[in-house]
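# Structural overview
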Amino acid sequence: MAKRTASFICQICGAVHSRWQGRCDSCGAWNSIAEEATATDTMPANLRGGRRGRLIALESLTGTSEDAPRVQVGISELDRVAGGGIVPGSVLLIGGDPGIGKSTLLIQASAALAGAGHRIIYVSGEEAVAQVRLRAERLGLAGAPVELAAETNVEDIVATLSEGRRPALVVIDSIQTMWTDTVESAPGTVTQVRSSAQILIRYAKRAGAAVILVGHVTKDGQIAGPRVVEHMVDAVLSFEGDGAHHFRILRAQKNRFGPTDEIGVFEMTGLGLSEVANPSELFLSNRDSGAPGTAVYAGMEGTRPVLVEIQALVVPTSLGTPRRAVVGWDPSRLSMVLAVLEARCGIKLGAHDVHLNVAGGFRISEPAADLAVAAALISSLAGTVLPPDSVYFGEISLTGAVRAVPHAVARLKEAAKLGFTRAVAPAAKGAGASGREPAEAPLAIDAIASLGDIVAAIAAKGPRRAAAPSQEG
């Protein structure tokens, strides 16, 4: 016999409270606790019947292992982020802002797989079948043999998926709209999202079909619902971008079958999302190489080198506390670079506002961008234009030393491919005491050992002089 009791669950983190309160003690969110009904067994634990556990076979670490089989989607950027393709029986969770292009990408992926002869089922809980068809017609994919359904009950969906030939891919758009009969709460609540995801994951593992779950995000950019769902799935992908730029970035935050630092770059067009084979050309397409405060950073995203422009603006402040505005980089990292410039190089920026921007809306998380940021800041403060044919990368330590970063040769090759001739970087490990670049480096390297070296080099060039007015006429 079971009775229904009420529990109070935070809709942000999933923490359970004994009574309602305005603020969650676990995550600190306000007005996020809602009452949900749960079933509890009144029978004592020692009187409950249960299945006895069976013995399982234990194996050693030694032995042969095979790579997981994969299904190539046909969209190379998506396959790259997934680790080379989608693994049958795996469950992927894709999150992103509303209107970013999640449904567009999944419709294109479904059509590509269906065109290769696989059975693909697309279940929409937010849109009617007619709306999905209209999107497919706009993308020119109306002829793809994708099976559509508009349903939100998980039991009905699993029963439908179990009939006929096993599907290669099932798309659930979105997990927040799903509900199950086993839970007495509204769709979108923590309990419903967790229970619905568990049923779909159990089906994927049993049937061997890959399942992609679309997740909403909160205003902080986190996937809505309990964080336990992110632990339950095999991969968590984040679709990033904004309306001010045409490109979108698909980034892996968790992947049990592949790397977690790969990115896929897409461009939003009238016919859907198109792949960007060379993101560096896209990010540097509108570069102004004749203005102070700009430096080209040679970065790495997984196995892919990416060149982006770092823009800095240093101006005297009119406020008691100077502003520190950062877009696309870690504000704490900027504070550290400013502190090192002041403590080790004598550059006083306490009376200046500092604005830092990564051009194109790209987001950098690599510490190798320290040197490019420092060069842009010094260039803006001194009014000196940096050489337009140079790229910068290197990590700055608190002592002012510039430390080497991995994948230096890949960064240099990408810069050489785009026409750059020099790189300002720390001396490579194989360069030797002379500081010259290794033999495989495709361009010249200005090896530096400390932040003071680049400050002296930029200061030696002097501020950019304005062109003299013409005397003709």
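Residues numbered from 1 in each chain as written. Predicted model: local features only at pLDDT ≥ 70, side-chain atom pairs only at ≥ 80, totals over all residues. Heavy atoms only, no water.

This part is about the overall build of the protein. Scanning the protein from terminus to terminus reveals 11 helices and 21 strands. Here the protein, with 473 residues, has 46% of them falling under the buried criterion. A separation threshold of at least 6 residues defines the contact pool for the protein, and within that pool the share at least 24 residues apart is 68%. Total accessible area computed for the protein in this model is approximately 23500 Å², and 53% of it derives from carbon and sulfur atoms. (Helix = DSSP H or I, 4+ residues; strand = E, 2+ residues; numbered from the N terminus. Buried < 20%, exposed > 50% of the residue type's maximum accessible area, 1.4 Å probe, protein only. Contact = heavy atoms within 4.5 Å. Areas by Shrake-Rupley, 256 points an atom, 1.4 Å probe, with all protein chains shown as cover.)

Of the consecutive residues D173 and S174, the connecting peptide bond is found in the cis state with omega at 5 degrees. With respect to the helices and strands, the residue S174 is situated in the loop between β7 (169-173) and α5 (190-207). Here the phi dihedral of H407 falls at roughly 60 degrees; this positive angle occurs in a residue that is not glycine. Positionally, H407 belongs in the loop between β19 (402-403) and α10 (408-417).

This next bit is on the side chain of S103. Relative to the helices and strands, S103 resides in helix α2 (residues 102-115). Ignoring anything within four residues of it in the chain, the contact list for S103 reads Y122, R135 and D173.

Taken in spatial order, the 7 strands line up as β15-β16-β14-β13-β17-β20-β21 in an open sheet, and their pairing is mixed. Unpaired on one side and paired on the other, β15 (324-327) and β21 (444-448) mark the two borders of the sheet. Sheet twist, expressed as the mean angle between neighbouring strand axes with direction ignored, is 30 degrees. Sheet analysis places β15 next to strand β16 (residues 352-358), joined by 4 bridges and oriented parallel. Residue pairing for β16: R324 is matched across the bridge by V354. (Pairing = 2+ DSSP bridges. Axes fitted to C-alpha atoms, helices over the stretch in contact; angles between N-to-C directions.)

Buried together is how nonpolar side chains tend to be arranged in soluble globular proteins. Of all hydrophobic cores here, the largest spans 61 residues; its most connected members are Y297, I310, L341, F362, I364, L377 and I454. With 8 residues, the top contributor of residues to this core is helix α9 (residues 370-382). Apart from residues lying up to four places away in sequence, Y297 is in contact with V306, L307, V308, I310, I364, E366, A368, A369, A372, Y392, F393 and R411. With 33 residues, the next largest nonpolar core counts L113, V171, A210 and L273 among its residues. (Core = buried A, V, L, I, M, F, W, Y, C linked by side-chain atoms within 4.5 Å.)

Judged by how many residues are buried, strand β9 (residues 235-240) sits mostly within the fold: 6 of 6 residues are covered. Here β9 shows two buried faces, one formed by A235, L237 and F239 and the other by V236, S238 and E240. Looking at chain direction, strand β4 (residues 91-96) and β9 are connected through 5 bridges and run parallel. When the bridges of β9 are listed, I94 appears paired with L237. Pairing analysis gives 6 bridges linking β9 to strand β10 (residues 247-255), with the strands arranged antiparallel. Counterpart to A235 in the pairing with β10 is N255.

As summarised here, the arrangement of the 9 strands in space is β6-β5-β7-β8-β4-β9-β10-β11-β12, forming an open sheet in which the pairing is mixed. Each having just a single partner strand, β6 (147-150) and β12 (272-275) make up the two edges of the open sheet. Here the strands of the sheet are splayed against their neighbours by 25 degrees on average, with no regard to which way each runs. Note that strand β5 (residues 120-124) and β7 share 5 bridges and pair parallel. Of the residues in β7, the one forming a bridge with Y122 is V171. The sheet contacts of α2 involve β4, β5, β7, β8 (210-215), β9, β10, β11 (263-269) and β12, and relative to β5 the element is tilted by about 155 degrees.

Here we take up α9. If you check α9, its first and last C-alpha atoms are 18 Å apart, about what 13 residues at 1.5 Å a residue would give, namely 18 Å. Taking burial as the measure, the 13 residues of α9 include 11 buried ones, the bulk of the element. Within α9, burial applies to D370, L371, A372, V373, A374, A375, A376, L377, I378, S379 and S380. Downstream of α9 by a residue or two, G383 has a phi angle that is positive, lying close to 70 degrees. (Expected span 1.5 Å × (residues − 1).)

Looking now at the environment of I86. Tracing the backbone through its elements, the reader meets I86 in the loop between α1 (76-82) and β4. Here I86 falls in the buried class, since its relative accessible area comes to 8%. Leaving out residues up to four positions away in the same chain, I86 has contacts with P69, R70, V71, V73, L92, L169, A210 and I212.

This part covers the pattern of salt bridges. All chains considered together, the criterion is met by 15 salt bridges. K205 is the salt-bridge partner of D234, the closest N and O atoms lying 2.7 Å from each other. Residue D234 is located in the loop between α6 (228-232) and β9, and its partner K205 is located in helix α5; the two are separated by 29 residues in the primary sequence. Taking the shortest distance from any N to any O, the salt bridge between K417 and E414 comes out at 3.2 Å. Of this pair, K417 and E414 are both found in helix α10, 3 residues apart, which corresponds to roughly one turn of the helix. The exposure class of E414 is buried, given its relative accessible area of 7%. By sharing partners, the salt bridges in this structure join E240, R251, E301 and R363 into a single network. (Salt bridge = Lys/Arg side-chain N within 4 Å of Asp/Glu carboxyl O.)

Counted according to the given criterion, the structure contains 3 cavities of 30 Å³ or more. Computed from the structure, the largest cavity encloses a volume of approximately 60 Å³. R70, A82, G85, I86, V87, S90, L92, D234, A235, N255 and F257 together form the lining of the largest cavity. Taken together, the residues that form the lining of the largest cavity break down as 6 nonpolar, 3 polar and 2 charged. In terms of lining, the second largest cavity is formed by R287, S289, T294, A295, V296, L386, P387, P388 and S390. Among the elements that line the lining of the second largest cavity, the one with the most residues is strand β13 (residues 294-301), at 3 residues. When the residues that make up the lining of the second largest cavity are grouped by side-chain class, the tally is 5 nonpolar, 3 polar and 1 charged. (1 Å grid on protein atoms, 1.4 Å probe; cavity = no way out; pocket = protein on both sides within 12 Å on 5 of 7 lines; lining within 4 Å. Points joined across faces, edges and corners; volume = space filled by probe spheres on them. Nonpolar A, V, L, I, M, F, W, Y, C, P; charged D, E, K, R; others polar.)

The quantities given are spatial measurements derived from coordinates; they are silent on function.
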